Amino acid sequence: MSNKILVAIDGSEGGKRALNTAVEYAKLTHSSLVLSYIIDWSPYSFHTPEELAERQKRRDSEIQRANDLILNPEALALEKEGLAVETVVRHGKIAETLKEVAKEYDVSQIYIGKLGESRMRSMIFGSVTAALIQTALLPVTVVP
Amino acid sequence: MKKLFLLLGLVFLPFANVYAGIDETINNATAPIAAFIGKVVFFKVPVFGAQLPLVVLWLVVGAVFFTFYMRFINIRGFKHAIELVRGDYSDPKSHGEVSHFQALATAVSGTVGIGNIGGVAVAVTVGGAGATFWLIVAGILGMSTKFVECTLGVKYRQEFEDGHVSGGPMYYLRQGFSDRGMAGFGKFMGTFYAIGIFIGALGIGNMFQSNQAYVQLNTVAGGALDGFGWLVGLILAAVVFSVIIGGIKSIARVTEKIVPFMAIFYCIFAIIVILMNVGSLPQAIANIFTGAFTGEGVAGGALGAMIIGFQRAVFSNEAGIGSASIAHSAVKTNEPVTEGIVSVLEPFIDTIVICTITALVIGTAQVADPNFANGAKGVAMTSAAFQREFSWFPLPLAFAALLFAFSTMISWSYYGLKGWTYLFGESEKGQTTYKLIFCAFVALGCIVELGPILDISDALVFLICVPNILGLYFLAPIVKREMESYFARIESGEIKKFK
């Protein structure tokens, strides 16, 4: 079994708390961390031709922003503390994509915050965390 | 800016009666021009008593050739097209890029327009029930043309330094011919096409749409808007203006989201209406088949029905015109062939599904009551067919027509813009000039009558299929090579499904 922990962060307070909890655990067990930022995206949405033409550009800037503003600063800080850290940015449905990343990076468990979604949103679309818990094949730790 | 237009409208309202004559004046001025352009492009040769416009022959021969040359890709590729749209072959790592579904949806939004509702009625009025049969045949053949042009669109698309992409016939004509050692000719063809799509955008993608939207509104309003086309035109132009110049993207985004649902809503109700007239259905279908080969009561007989059907099909699904290739070229893929395969679904959805359904609604109504439309033409005729079953239907239909027209106008404003920027470069000032011209034509479309509008827009759009299809012939071997290599790699398992 691998000694890797996947942490879902999104720049929110909840994500930060999940990361802190995961870091404590990683230090105790000498595990390495995979920090992931999933950008909510669906291949089945509708756009104007102009938006399509700009899409590539927008995607690149979304990925860069996630790396520059969230993933890289966290990773850098953790590496200074002596932890082994990888980062990954993906587009997709959040719960589904997290599972794909977990498989791809061969992690043994997932840490996620009770994401900062509005109550309205999770009532309509269901909560990402709940979807992940229900369908994941790995231990998932939800940090409040 | 929008407020300004509203204000203008309010100021002019009291003088409206004085200005009611404006429509007629402008109409009289444009009709002869339309007739002239129509005559040149639709140069007709008499064949066995029917008048065959050469340009229609050009398109159909092209579609037949590509169907055989690509060994029935329109039928062979169908299942694979659905797999691609479903994302079976999409690498999760490339998520966030334009998906096959998104490109298809955008291209379909651009083609599903008033033509699907009104154009079919025109075809049935002029070409009889049999025109529907040829419309479907043209749709099936058109799938092959779409395959070729959309594959090329992606293959030769241009990526700019800032990351935005431009593609379409003008780029593949220029680059493709240059690759075959005919750089000068390619340049000429690219420019020819760019001019054509720019002018065509003002017709098929603009005036025809706004005109039919106005006719619909007027019908629903019970003729209260007679003579006020200029006012409706001004308002429509203001909304288009606010989207393409004012940058109020939210309006466009909302429309893009509603249009697919409207299309589904339209189809569901159409099927319900057909089922309510199910007694007339066998006769309506029989009329389509017999009309196709006898052409009873149609000028030029069966051939006349065939010509009208082909003409309306191409006008509706735009295969051979190259417009969809512009929308599809935004997709980033290592396999341009995949985009071509996906695009075969467009004529299928647009012509084979939606147009056929409309034709059956009209056909069953005709069987039940030959004079149901009371002489109404275009969208109004379709509306009357629906109204027989649902008296309230004209209102939502008018709304749907308005949205179809609007989304087609937005898509085409972009296609035309790409022609413009190809010709005049990417400068902001130039783009704004183009957009202003586009808005002016939106208003103009509501003012002139349907006849001349159809002539102008048909003529201008068909004109650009000349360089496009000529280019497709030259570049077809490249597409065929890519297609064969692609299918061989699917077969060998080199290209794998991700799902």
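Starting from 1, residues in each chain are numbered consecutively following that chain's sequence as written. Key to labels: chains lettered from A, ligands numbered from 1, both in the order written. Local features in this predicted model are restricted to residues of pLDDT 70 or higher, and side-chain atom pairs are both shown and tallied only at a pLDDT of 80 or more, whereas totals for entire chains, interfaces and linings draw on every residue. Side-chain metrics rest on all non-hydrogen atoms present in the structure, leaving aside hydrogens and water.

A word on the sheet that holds strand 4 (residues 109–113) of chain A
Residues and elements named next belong to chain A. Following DSSP output, two strands are said to pair if at least two bridges run between them. Only DSSP runs of H or I reaching four residues or more are called helices, and only runs of E reaching two or more are called strands; each is numbered from the N terminus. Pairing in this open sheet of five strands is parallel, and the strands run 3-2-1-4-5 from one edge to the other. Strands at the two margins of the open sheet, each flanked by one partner only, are strand 3 (85–92) and strand 5 (140–143). Sheet twist, expressed as the mean angle between neighbouring strand axes with direction ignored, is 25°. With four bridges joining them, strand 1 (residues 4–8) and strand 4 adopt parallel strand pairing. Each residue of the ladder has a partner; that of valine 7, found in strand 4, is tyrosine 111. In what follows, residue pairs with any heavy atoms lying within 4.5 Å of each other are defined as contacts. Angles here are taken between N-to-C directions and fall from 0 to 180 degrees, while the axes themselves are lines fitted to C-alpha atoms, restricted in helices to the stretch in contact. Lying over the sheet, helix 1 (residues 13–29) contacts strand 1, strand 2 (32–40), strand 4 and strand 5, oriented at roughly 145° with respect to strand 4.

What to know about the confidence of the model for chain B
Residue and element names in this part refer to chain B. Scored between 0 and 100, pLDDT is the confidence that the predictor attaches to each residue. When pLDDT is averaged across chain B, the result is 85; 91% of the residues are at 70 or more. By mean pLDDT, helix 1 (residues 2–12) is the weakest element of chain B at 46, and helix 17 (residues 336–343) is the strongest at 95. Every residue in residues 4–18 is under pLDDT 50, and counting partners more than four places away or in other chains gives eight contacts. With a pTM of 0.87, the predicted complex shows an ipTM of 0.86.

Quick word on the side chain of glutamine 56 of chain A
Mapping glutamine 56 of chain A onto the fold places it in helix 2 (residues 49–80). A relative accessible area of 11% means that glutamine 56 of chain A is categorised as buried. Aside from chain neighbours lying at most four places away, what touches glutamine 56 of chain A is Glu97, Gly163 and Lys332 of chain B. When accessible area is computed with a 1.4 Å probe and restricted to protein chains, residues below 20% of their type maximum are described as buried, those above 50% as exposed, and intermediate ones as partly exposed.

A short note on the interface of chain B and chain A
In many analyses, interface size is given as the accessible surface area lost on bringing the parts together. Residue-level contacts link 31 residues of chain B with 23 residues of chain A. When the two sides are added together, the surface that chain B and chain A hide from each other amounts to roughly 2,600 Å², 61% of it contributed by carbon and sulfur. Note: buried area is the sum, over both parts, of the accessible area (probe 1.4 Å) each one loses when the two are combined. The largest share of the area that chain B buries against chain A comes from His95, Gly96 and Gln102 of chain B, three residues that together contribute 21% of it. The rule for a salt bridge is simple: a side-chain nitrogen of Lys or Arg has to be within 4 Å of a carboxyl oxygen of Asp or Glu. At the junction of chain B with chain A, the criterion picks out two salt bridges. Any pair of N or O atoms that falls within 3.5 Å is considered a polar contact. Within protein, one atom must be able to donate a hydrogen and the other to accept it, and sequence-neighbouring residues count only if both atoms are side-chain atoms. Summed over the shared surface of chain B and chain A, the number is 11 residue pairs in polar contact (both at pLDDT 80 or more). Those elements that place two or more of their residues in the side of chain B that touches chain A are helix 6 (78–86), helix 7 (100–111), helix 13 (249–276) and helix 20 (394–424) of chain B. In terms of residue class, the side of chain B that touches chain A is built from 12 nonpolar, 10 polar and nine charged. Residue classes follow a fixed rule: Ala, Val, Leu, Ile, Met, Phe, Trp, Tyr, Cys and Pro count as nonpolar, while Asp, Glu, Lys and Arg count as charged, and any other residue, Gly among them, counts as polar.

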